[in-house]
Protein chains: 2
Amino acid sequence: MDAKALWQRYQNWLYFHEGLGLYLDVSRMRFDDAFVESLQPKFDKAFADMAQLEKGAIANPDENRMVGHYWLRNPDLAPTPELTQEIVQTLEQIEAFAEKVQTGAIHPPRANRFTDVISIGIGGSALGPEFVAEALAPDFPPLKIHFIDNSDPAGIDRTLNHLRNNLASTLVLVISKSGGTPEPRNGMIEVKKAYAGHNLDFAQYAVAITSPDSNLDKVAKSESWLARFPMYDWVGGRTSEMSAVGLVPAALQGIDIRAMLDGAKEMDDATRVPDVKNNPAALLALSWYFSGNGRGEKDMVVLPYKDSLLLFSRYLQQLVMESLGKEKDLDGNIVHQGIAVYGNKGSTDQHAYVQQLREGVPNFFATLIEVLEDRKGPSPEIDPGVTAGDYLSGFLQGTRQALYENQRDSITVTIPQVNARTVGALIALYERAVGLYGILVNINAYHQPGVEAGKKAAAAILDLQSRVLAVLQKETTALSVEQIAEKAGAADQVEAIYKILRHLHTNQRGIVLQGNLGQPSSLKVSAS
Amino acid sequence: MDAKALWQRYQNWLYFHEGLGLYLDVSRMRFDDAFVESLQPKFDKAFADMAQLEKGAIANPDENRMVGHYWLRNPDLAPTPELTQEIVQTLEQIEAFAEKVQTGAIHPPRANRFTDVISIGIGGSALGPEFVAEALAPDFPPLKIHFIDNSDPAGIDRTLNHLRNNLASTLVLVISKSGGTPEPRNGMIEVKKAYAGHNLDFAQYAVAITSPDSNLDKVAKSESWLARFPMYDWVGGRTSEMSAVGLVPAALQGIDIRAMLDGAKEMDDATRVPDVKNNPAALLALSWYFSGNGRGEKDMVVLPYKDSLLLFSRYLQQLVMESLGKEKDLDGNIVHQGIAVYGNKGSTDQHAYVQQLREGVPNFFATLIEVLEDRKGPSPEIDPGVTAGDYLSGFLQGTRQALYENQRDSITVTIPQVNARTVGALIALYERAVGLYGILVNINAYHQPGVEAGKKAAAAILDLQSRVLAVLQKETTALSVEQIAEKAGAADQVEAIYKILRHLHTNQRGIVLQGNLGQPSSLKVSAS
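Keep in mind that what you see is a predicted model, and the values were worked out from it rather than measured. (Residues numbered from 1 in each chain as written. Chains lettered and ligands numbered in written order. Predicted model: local features only at pLDDT ≥ 70, side-chain atom pairs only at ≥ 80, totals over all residues. Heavy atoms only, no water.)

Quick look at the sheet that holds strand E4 (residues 144–148) of chain A
All names here are of chain A. Counted only if it meets this: Only strands that DSSP links by at least two bridges are regarded as paired with each other. For helices the rule is a DSSP run of H or I covering at least 4 residues; for strands it is a run of E covering at least 2, with both sets numbered from the N terminus onward. Angles shown run from 0 to 180 degrees and are taken between the N-to-C directions of axes, each axis being a line fitted to C-alpha atoms and, for helices, limited to the stretch in contact. What makes two residues a contact is simply this: any of their non-hydrogen atoms within 4.5 Å.
If you walk across this open sheet you meet the five strands as E4-E3-E5-E6-E7, and the pairing is parallel. A strand with exactly one partner marks an edge of an open sheet, and here the two such strands are E4 and strand E7 (227–230). Across the sheet, the axes of successive neighbouring strands diverge by a mean angle of 20°, strand direction being ignored. Bridge count for strand E3 (residues 116–120) against strand E5 (residues 170–175) is five bridges, and the pairing is parallel. Opposite Ser119, over in E5, you have Leu173 as the bridge partner. The strands that helix H7 (residues 182–197) touches are E3, E4 and E5; relative to E5, the one it contacts most, it runs at about 155°.

Thoughts on helix H2 (residues 33–54) of chain A
All names here are of chain A. How we decide: Multiplying one less than the number of residues by 1.5 Å gives the expected span of a helix. Note on bend: the value at a residue is the angle between axes fitted to the seven residues ending there and to the seven starting there. The buried label applies to any residue whose accessible area, calculated with a 1.4 Å probe on protein chains only, is under 20% of its type's maximum; exposed applies above 50%, and partly exposed to all values in between.
Given a rise of 1.5 Å per residue, 22 residues ought to cover 32 Å, and the 30 Å separating the end C-alpha atoms of H2 matches this to within 8%. If you look at H2, its biggest bend is around 45°, right at Gln40, and the proline Pro41 turns up within four residues after that. Restricting attention to buried positions, one finds in H2 the residues Phe35, Val36, Leu39, Phe43, Ala46, Phe47, Met50, Leu53 and Glu54. In this fold, the buried residues of H2 make contact with helix H1 (3–13), helix H3 (69–73), helix H11 (280–292) and helix H15 (420–440). In the segment just after H2, Gly56 is the residue with positive phi, at about 105°.

As for the relation of the copies chain A and chain B
Rules: Least squares is used to superpose the copies, and the fit set is the C-alpha atoms of residues whose pLDDT is at least 70 in both copies.
The operation relating chain A to chain B is a screw motion whose rotation component is 180°, with 0.0 Å of axial translation and a residual RMSD of 0.0 Å. Taken together, the rotation and translation relating the two chain copies correspond to the operation of a two-fold axis. Measuring from the rotation axis to each C-alpha of chain A, the shortest distance belongs to Tyr342 of chain A, at 3.0 Å. Comparing interface residues between copies, 100% of those in chain A also lie at the interface in chain B; the contact surface is shared.

With respect to the pairing of strand E5 (residues 170–175) of chain B
All names here are of chain B. Burial runs high along E5: six of the six residues are buried. The side-chain alternation of E5 yields two buried faces, one formed by Thr170, Val172 and Val174 and the other by Leu171, Leu173 and Ile175. Bridge count between E5 and strand E6 (residues 206–210): four bridges; the pairing is parallel. Counterpart to Val172 in the pairing with E6 is Ala206.

Observations regarding the pattern of salt bridges
What counts, and what does not: Salt bridges are defined by distance alone: a side-chain nitrogen of Lys or Arg within 4 Å of a carboxyl oxygen of Asp or Glu.
Scanning all chains against the criterion turns up 66 salt bridges over all chains. A salt bridge links Glu373 of chain A to Lys376 of chain A, with the nearest nitrogen and oxygen atoms 3.0 Å apart. With a relative accessible area of 19%, Glu373 of chain A lands in the buried category. Of the charged contacts, one joins Glu475 of chain B and Lys487 of chain B as a salt bridge, the two residues approaching to 3.2 Å between their closest N and O atoms. Of this pair, Glu475 of chain B sits in the loop between helix H16 (449–474) and helix H17 (481–487) while Lys487 of chain B sits in helix H17, placing them 12 residues apart in sequence. The partly exposed category is assigned to Glu475 of chain B, whose relative accessible area is 25%.

Section: the pairing of strand E2 (residues 22–25) of chain B
Residues and elements named next belong to chain B. Residues Leu22 and Leu24 point to one face of E2 and Tyr23 and Asp25 to the other, with burial holding for every one of them. The pairing of strand E1 (residues 15–17) with E2 spans three bridges and is classified as antiparallel. Across the sheet, the residue bridging to Tyr15 is Leu24, located in E2. Linkage of E1 to E2, two consecutive antiparallel strands, is achieved through a turn of four residues, within which Gly21 is found at a positive phi near 65°. Sheet topology note: the E2/strand E11 (residues 410–415) ladder contains three bridges and is antiparallel.

Focus on the nonpolar core
Our working rule: Buried residues of nine kinds, namely Ala, Val, Leu, Ile, Met, Phe, Trp, Tyr and Cys, make up a nonpolar core once their side-chain atoms join them within 4.5 Å.
If you look at the biggest cluster of nonpolar residues, it comprises 318 residues, and the most contacted ones within it are Trp288 of chain A together with Trp288 of chain B. If we ignore the near neighbours within four places in the chain, the residues touching Trp288 of chain B are Met300, Ile339, Phe365, Ile411, Tyr430, Ala433, Val434 and Tyr437 of chain B.

Quick word on the interface of chain A and chain B
When the parts of a complex come together, some accessible area is lost, and that lost area is often taken as the interface size. Heads up, the rule is: We define buried area as the total accessible area lost by two parts upon association, computed with a 1.4 Å probe and summed across both. Nitrogen and oxygen atoms within 3.5 Å of one another constitute a polar contact, given that in protein one can donate a hydrogen and the other can accept it, and given that sequence-neighbouring residues count only through two side-chain atoms. Each residue is assigned to one class: nonpolar for Ala, Val, Leu, Ile, Met, Phe, Trp, Tyr, Cys and Pro, charged for Asp, Glu, Lys and Arg, and polar for all the others, Gly among them.
Listed by partner, the interface residues are 138 residues for chain A and 138 residues for chain B. Between chain A and chain B, a total of about 12,000 Å² is buried, with carbon and sulfur atoms accounting for 52% of that surface. Our enumeration of links across chain A and chain B arrives at 22 salt bridges. Across the contact surface, chain A and chain B share 90 residue pairs in polar contact (both at pLDDT 80 or more). Counting residues per element, the side of chain A that touches chain B draws most heavily on helix H14 (residues 388–405) of chain A, at 12 residues. Partitioned by chemical class, the residues of the side of chain A that touches chain B number 49 nonpolar, 48 polar and 41 charged.

Some thoughts on unusual backbone geometry
The omega torsion across Gly346 of chain A and Ser347 of chain A is -5°, close enough to zero to call that bond cis. Mapped onto the elements, Ser347 of chain A comes out in the loop between strand E9 (341–342) and helix H13 (354–359). Unusually for a residue other than glycine, Gln407 of chain A sits at a positive phi of about 60°. For Gln407 of chain A, the location among the structural elements is in the loop between H14 and strand E11 (410–415). You can call Gln407 of chain A exposed: its relative accessible area is 52%. Even without glycine at this site, Asn64 of chain B takes up a positive phi of about 55°. With respect to the helices, strands and loops of the structure, Asn64 of chain B is situated in the loop between helix H2 (33–54) and helix H3 (69–73). Classification of Asn64 of chain B as exposed rests on a relative accessible area of 57%.

Right, here's the structure in full:
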């Protein structure tokens, strides 16, 4: 395509949202009009299904649930007045709570103010809050946030060690829908012990964000925790950033949560338009479908040219891959759907893997995110008439152009600045794009059966561990790994048992291994 | 394969390095003996070429350079006594410098000690130091490190703002081979201005890590900076962690750099063995080749089950993708090689994209990294007989097993703990695996032509910007974007010019845009 035709294509496809100052450019996805036309019937269905979803249809059939994250930013859309009221009230409670914490009206027993907050959660209860904290928290927030988002003992120790002098002024958020997910439960138990170790009454520092009447909610209620906020069964973890899950940590850090909700609402309005060319989420879904033939054949590489958006790709990994990465379609056919997502930030990544993007395996399309505002205030000149921000802008343009010249497709999203409104809008844009794409490829974008399966597989390993320990505690002589497996009634799990033993041995948990560690069958195992 | 056969396969292929306590398990890569045999001739060549490389052959023909990162951990291997001596002396100088900084023998003009360090660098001058800091820095390091690894003005402001009360006790490392790479140069210029703004003499806080006689080196020398350390032309950026680039920041943070070098040396010895089955790097290269048919058809997903290894995948993105992502092979054929790499950490990612890994597009193989030691000291029980670390271990085993059952291949690397020795060993393991794989697929793994091209593309945009500004400064009436392009002699770059103008306009750089921002051809542009 010559320069003139390309400039025409750019203008033809340029989407601009005046209220948000947001641009979406899909001109470098090399689809043609016939392709767009061919998808029209699918899009007609997608727009219709999405309208039903917003009205409260059971859009997550496997779990028999409504999908209502759009109601969070426009409570009037909720299917019942009770739901509307609950959303509005929760938001007010969050704001009131955050204000009281920040002013010191709510304060810890031994200090005038809370200075820090530990947020304990995983998956949807971590990635959104982490992304938003990195993108939007002020340099000196009223409360400084720390995350425990794993079941890693050393990681928990590091966080607690950093806070050891501030624990008496540190609020703890425990975020878990059921309260039973192991990682947040483990984190909570360990943190609780740390508070006890400092003679601090955990309940006076703790806030629960959980389903009403979950086990966690009951504990928080009976122990009189500082506060409890609800998680709804009609909001999935990966779309929960605008629920209490995301809003409580954001508000505590002094982030303008109303602006975030407003930005999302404006984007929701824009992505409700049943016209592909004038709907930015539909343009994204169209582009993804085109690039990967509706089968995820290309990876989505996400490159925000702005440090504060570093975690956006990690946030999108969950939103996109957990939503779209499905074995079966809605008719039960095996489809192995999904789109792989990765990326960090530009121009940093131009000095890392962009070499491969430009020249190597053409197994991806890129999404460049441009932020027009370089910084607050004027910039010094690096060279005459040139600032560091001009360089950054030049890197983005140069990379986009070079990818195109090498037949690598790209999308460019442009926002005027990184603020609560544009971040809310970005989240809403991708939520809707994922929802629409899910309908285009006929999958349930709102469940996660593989995650449940993973929890079960881990539980089976822990069960095996206890059987192995029971065997060893009865034995007086050392056994081989095979013998232990036999006695534990798990002759087909010798390898898993070997690994359990190796782990227990390293952590001095009363297991002695003798022999050559590199030759598992040579080992003799006993309880110490 | 039944459980017994699988257990046998596991033991057959299990690699164990006794000195390092490191295991490598490739039993879940479903290659057979015939495949291994078929690659033997390629491996024979790879081992021979690698031996030549280590002896100082010009292994990077395009840039006519030796590839000598292996000499850094075993200076006796360097091809000349002068090089050996230079490596040894530099290491001693780094240790002496770090000690003096830590004891206060070298201190800033207005404080007894340096408390913080800003490390300015990008690509290989950032990813290694960042990974190592996250993995190994003590919770309360003698100097706390901060990174400027981009040309983002807002990002630079954030770092400097966090340090505003400590700038007078903050050391600055400027890491740039040539000194001319824009991102570190821009970072340095902005940081220098910040020091001047606080009436601090930058030279008394600054350290250069650069090629001897580069422009940066000359500046540092003439301004009498605190110290200068060399970057060698025979060490590529992505393999420079064991050079001054990685060792200076590590040593300042109190990380045991000798142990890191020792771990790498032990691994180098192990990966020099010309026997695939007894060489862990060869086992990795074999597995990668098998999985992607030697053409990078599958992505490498890296999942360390340990918070402190979070940045390992980002480090590997550069090491693997920049090394292997090449358009041409060594014979000049167009091959579009590479392997895409992504990942964060387990079990966190099990609540994000592992849903797709288990069920969705089978376009990847996984690398699970297991750390046997849960934490320093004993763990509390979460349930009777079960710790948080047992859960983490169970998650890893469960995920590996589920992937296998769903025909998704995986590699497992096991280390006893995260320490300087094992991190050095991991880096060396992957450096060698990438080197061997590069030979298997016949590409130059040591240059990065696409990165150079990216720099040129950005420079062209900046040049266009200055031409556009020159045009506007002469005009008295507003012009359309097309007219400006015409007058700037760049009629085929209207779109690039529109974007330049939009960026300048947003940042109040003397450009006025009138009209509909969403319709570029409607705009009238003038200088204010």
